[in-house]
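Below are the chains, spelled out letter by letter.
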Number of protein chains: 4
Amino acid sequence: MDIGFIGLGNMGGPMALNLLKAGHNLTVYDLSANAVAPVTDAGATAVNSVAEVAAADPAIIITMLPASSHVKAVYLDRDGLLARVRPRVLLIDASTIDPITAREVAGAAGAQGNAMLDAPVSGGTGGAVAGTLTFMVGGEGEDFERARPVLEAMGKKAIHCGPSGNGQVAKVSNNMLLAISMIGVAEAMSLGVGLGMDPKVLAEVLNTSTGRCWSSDTYNPFPGVQENVPASRGYTGGFGTDLMVKDLGLATEAARHIRQPVVLGALAQQLYQGFSAQGNGALDFSAIIRNYRKEQE
Amino acid sequence: MDIGFIGLGNMGGPMALNLLKAGHNLTVYDLSANAVAPVTDAGATAVNSVAEVAAADPAIIITMLPASSHVKAVYLDRDGLLARVRPRVLLIDASTIDPITAREVAGAAGAQGNAMLDAPVSGGTGGAVAGTLTFMVGGEGEDFERARPVLEAMGKKAIHCGPSGNGQVAKVSNNMLLAISMIGVAEAMSLGVGLGMDPKVLAEVLNTSTGRCWSSDTYNPFPGVQENVPASRGYTGGFGTDLMVKDLGLATEAARHIRQPVVLGALAQQLYQGFSAQGNGALDFSAIIRNYRKEQE
Amino acid sequence: MDIGFIGLGNMGGPMALNLLKAGHNLTVYDLSANAVAPVTDAGATAVNSVAEVAAADPAIIITMLPASSHVKAVYLDRDGLLARVRPRVLLIDASTIDPITAREVAGAAGAQGNAMLDAPVSGGTGGAVAGTLTFMVGGEGEDFERARPVLEAMGKKAIHCGPSGNGQVAKVSNNMLLAISMIGVAEAMSLGVGLGMDPKVLAEVLNTSTGRCWSSDTYNPFPGVQENVPASRGYTGGFGTDLMVKDLGLATEAARHIRQPVVLGALAQQLYQGFSAQGNGALDFSAIIRNYRKEQE
Amino acid sequence: MDIGFIGLGNMGGPMALNLLKAGHNLTVYDLSANAVAPVTDAGATAVNSVAEVAAADPAIIITMLPASSHVKAVYLDRDGLLARVRPRVLLIDASTIDPITAREVAGAAGAQGNAMLDAPVSGGTGGAVAGTLTFMVGGEGEDFERARPVLEAMGKKAIHCGPSGNGQVAKVSNNMLLAISMIGVAEAMSLGVGLGMDPKVLAEVLNTSTGRCWSSDTYNPFPGVQENVPASRGYTGGFGTDLMVKDLGLATEAARHIRQPVVLGALAQQLYQGFSAQGNGALDFSAIIRNYRKEQE
């Protein structure tokens, strides 16, 4: 299939490579020549602007961008995608942005006859490389079915979350819960160990009890409890604190928009914001446990 | 085996019945004649004081009491267990109390030659009746092994959590995490549904993603998402809000004792305390979602 | 002096009337004819667009608008103020908006030779009518001096807070602290009265001790403690909960922008957001004490 | 007047010296000989036990002790004050303890014919030395009047807060509000300065606006804003963080006792607890601002 791809960063680059591997033809664009090189080396055709991607007339165009402002610019600018794309081309935005902007842009696309899906991912750069991302997708069911084979070339799962914007809704809801759970596990582990329990025994109890969660059984933040998690390698790799700060910002902003209180969510945002301000923005988000205990080394 | 049992309330009563079913001989005591009746009907011998339980010379004495003050009274009073019990009798306190008191009482018992285990349970009154409780046990390993067959007559699992007090530590750590997760799920579900998602689809996304936890996949607080949970029957049954308030009080008090911050834990305590103050103390603790959304009926 | 005035709502209307009273000539514009009528009745000249206000060539133009989006539109639109205003006209935006937008718009004005001040007010609609507002002003010192007599025709005080945007910074910082203090007083009064103190005696102690604050000594939220405050008239009048929700949104958003944690500020935002979601948005913000105690009536 | 005084620590020592200066006869007791020496040097008579203080038959006995457990021991032990004191002796406990214990002990005293006042102080060690403490007093009005001249020899003000325990209630309510306000000021100052304001200008705005409070206008935590406050001398002197942690513990425990939510109060407790756990327990409590910004030196 002929596919356009805009945004070849840490996530977009490997995603594009997986599409090439699956045999698709790619027309790609990124501001950074360094980002473009590995993808053209693997067989993609590079062009010099968003408008030229549209001009190459692909069946599907995928965008993977850092934030709402970039998405708005790429889609809505005078020389942006919507101004240049032909009718019936399917647009897929895999960026993580706020649901309100996602719906706005999709509405503009739909008004001129272009179906659009919001399809944010989870799985991180590791999942992007390995092709094991999960896509949470908002949009019409038939468009989702049309996109599915392409999404599955980049990930292991695509979930249809309902109409436009719901991919973003699912992502911010999940990640807010993740942040809360992670801090909850950090507090429970710190409390139990501080009161005299062995961390591995405590983790085992939690994991077989009602406190069980992904942050305790798959990604435990306490050093030495699990192998192959950031906590066992100095909180390197994984899902960066600053990305969590960004997602919590999207969650609380969306909550504010609909006047929905999210008390623990807002507190989690502040705790991560403070942790980042202390210079820890690049550490994995499970490092938040350092707020709660000194590491004995 | 000859077993003494003190405290035959909503939890202790059914636990004692399960011991009788397993063929043990029971000498029991409770202040309330109503609580004693079903247990003597089933074959237990009732006596009139704590001291008489000790005088019956059982091999093991089990206590199941509401709070630290009762445990102190039953064990440490002038006519209490420690004053009357013979050496080598194994003492098991299944009450949920603070770890510091648990260690104090166990220390006093040990000083006079009585091994003591703290063995708080999870599983609620349903688990007590069905014999499917989980025991979290603190104390010496050999005493744990001696107690294990008796505990397994009342529950499906007994976990040795380390030295004295650690059963209580495991319980308060787990339940603090549970309270945090439950509120987290309540907020994430309310946010996602408020932003336009179907609650069942959102739950499915959370349950297969990094937000997954017992409160989302086994005990979802959103009405209509799961069958056979309190949320689907008006938040009746289950684990009462006031019990959660009690456990959060134990957790934050223990944290204060060791100067351990538990930020989300303390906030969860206040949210439950406020919810109880509004008259909801008897509802299942998953009803906290009512703080976040109006029920559409 | 010839003054243009855009935005004649609950605040802007009475402010314009006070300018007329002080003898200034006013050219005014508002979308709503109802809002314009009382001001033209008092002697102002109404025009039909923002551009026409600029065309009337006043020495100073004042805007009083609900939110950032309106400010951006009025100043930056194709037919907006900046496109039409002559050089050297002094622009004063009295709206409460985020500091980042305020600086952006002032920067655009400055680039074309128009000095601009941000001058949000405190004092509410009562202060607007009585001419007792306080203006917190950001911009150059000489521009502030030029504006001062005009501001003092509408208020009792104008404080120069530093360069552009600092008026907004001062306002959001102050109002975030106000929200925190008010909830703090609500909690302290509820706790003390719940434990047996007379509310008036408790207020007196707080007001002569280290807990003293504007929310305790001038605007006490406990019913019956002070006369002539919203708490003594069912929380009507005063500063509405929804306005506080708006200001807390501006504060936490500005904090997020610079990665500054504001833990109590964010929690205050959620508490007010939840209080508003329960249908209390129109009550004075001191009504938050209803979250903490049932009123005995 | 003949006065007994038990507890001659950092607070009690200087308080006793001020009583001597005012011409009273003192019989004193403290476990530590070092604490006793300066008071006997100034003319007091030292004895060797609590019982001997009672035996000296003073008209009033004052106690100044670290915590509830000490108060219970001194008053209720077999050889304690209540067992030995004659009827009609007025008992004054100036310790800061929880209101529930204060009422319990006063009840026991009253039952045997000894009036008792709870009279916790504010003003710190500086106020104790200078004789400028404020006493918040719970108990009968006539007993308060009897105590007043003695209290005023040690302080500049004594406030009658109502029946027994209300002195403690006033103190914990005030100090909880103080903790909340201080953190609120720390956040507002950090936010405003982070967004570009001069700290002195910002403080001036807050102090003349609705954010005004003791923590902003008398004890500002931002370095360099005020002279002669802990913030201008590296947070030495003043009211220690660990004392605030203790008072917040009393407040939240009392709240829990009556099921009163104190959301910001509990969060303030955790923030101070975490700050203390990081090794800052001896710093003045205004140092909490270090959680929010790096000091630029």
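Residues numbered from 1 in each chain as written. Chains lettered and ligands numbered in written order. Predicted model: local features only at pLDDT ≥ 70, side-chain atom pairs only at ≥ 80, totals over all residues. Heavy atoms only, no water.

Going by what an unreviewed UniProt entry lists, chain A is known as 3-hydroxyisobutyrate dehydrogenase and is assigned to Hydrocarboniclastica marina. You can read under Sequence similarities (unreviewed entry) in the UniProt record for chain A the words "Belongs to the HIBADH-related family." On record in UniProt, under Pathway (unreviewed entry), the comment for chain A is "Amino-acid degradation; L-valine degradation." (UniProt positions renumbered as here; feature names shortened; annotations may be inferred.)

Glancing now at the pairing of strand β8 (residues 133–137) of chain C. Looking along a regular strand, one sees the side chains alternate between the two faces of the sheet. The buried fraction of β8 of chain C amounts to five of the five residues, a majority that puts the element mostly inside the structure. With helix α8 (residues 141–154) of chain C bridging β8 of chain C and its parallel neighbour strand β9 (residues 155–160) of chain C, the resulting β-α-β unit is right-handed. (Buried < 20%, exposed > 50% of the residue type's maximum accessible area, 1.4 Å probe, protein only. Helix = DSSP H or I, 4+ residues; strand = E, 2+ residues; numbered from the N terminus. Right-handed = clockwise from strand over helix to strand, strands pointing away.)

Moving on, we come to the sheet that holds strand β5 (residues 90–93) of chain C. Residue and element names in this part refer to chain C. Read across the open sheet, the six strands follow the order β3-β2-β1-β4-β5-β6; overall the sheet is parallel. Every other strand in the sheet has two partners, leaving β3 (45–46) and β6 (116–118) as the edge strands with one partner each. Here strand β1 (residues 2–6) runs beside strand β4 (residues 60–63); their pairing, made up of four bridges, is parallel. What sits directly across from F5, in β4, is I62. Strands in contact with helix α1 (residues 12–21) are β1, β2 (25–29) and β4; relative to β1, the strand with the most contacts, it is inclined by about 170°. Here α8 sits on the sheet and contacts β1, β4, β5 and β6; the angle it forms with β5, its principal contact strand, is near 50°. (Pairing = 2+ DSSP bridges. Contact = heavy atoms within 4.5 Å. Axes fitted to C-alpha atoms, helices over the stretch in contact; angles between N-to-C directions.)

Once chain A has been moved 0.0 Å along the axis and rotated by 180°, it coincides with chain C to within an RMSD of 0.0 Å. Both chain copies can therefore be described as sitting about a two-fold axis. When the interface residues of chain A are mapped onto chain C, 100% of them again lie at the interface, so the same face is used by both copies. (Least-squares fit on C-alpha atoms with pLDDT ≥ 70 in both.)

What follows concerns the relation of the copies chain A and chain B. Once chain A is rotated about the relating axis by 180° and shifted along it by 0.0 Å, it coincides with chain B to within an RMSD of 0.1 Å. In this assembly the copies share their binding face: 100% of the residues contributing to the interface of chain A also contribute to that of chain B.

Residue and element names in this part refer to chain D. As a packed pair, helix α6 (residues 99–111) and helix α9 (residues 166–194) sit with axes 8 Å apart at the nearest point and diverge in direction by 170°. The angle between α6 and α9 places the two elements in the roughly antiparallel class. Here P99, A102 and R103 of α6 lie close against α9, whose contacting residues are N166, Q168 and V169. When the residues that make up the contact of α6 with α9 are grouped by side-chain class, the tally is three nonpolar, two polar and one charged. (Parallel < 35°, antiparallel > 145°, perpendicular 65-115°, else oblique. Nonpolar A, V, L, I, M, F, W, Y, C, P; charged D, E, K, R; others polar.)

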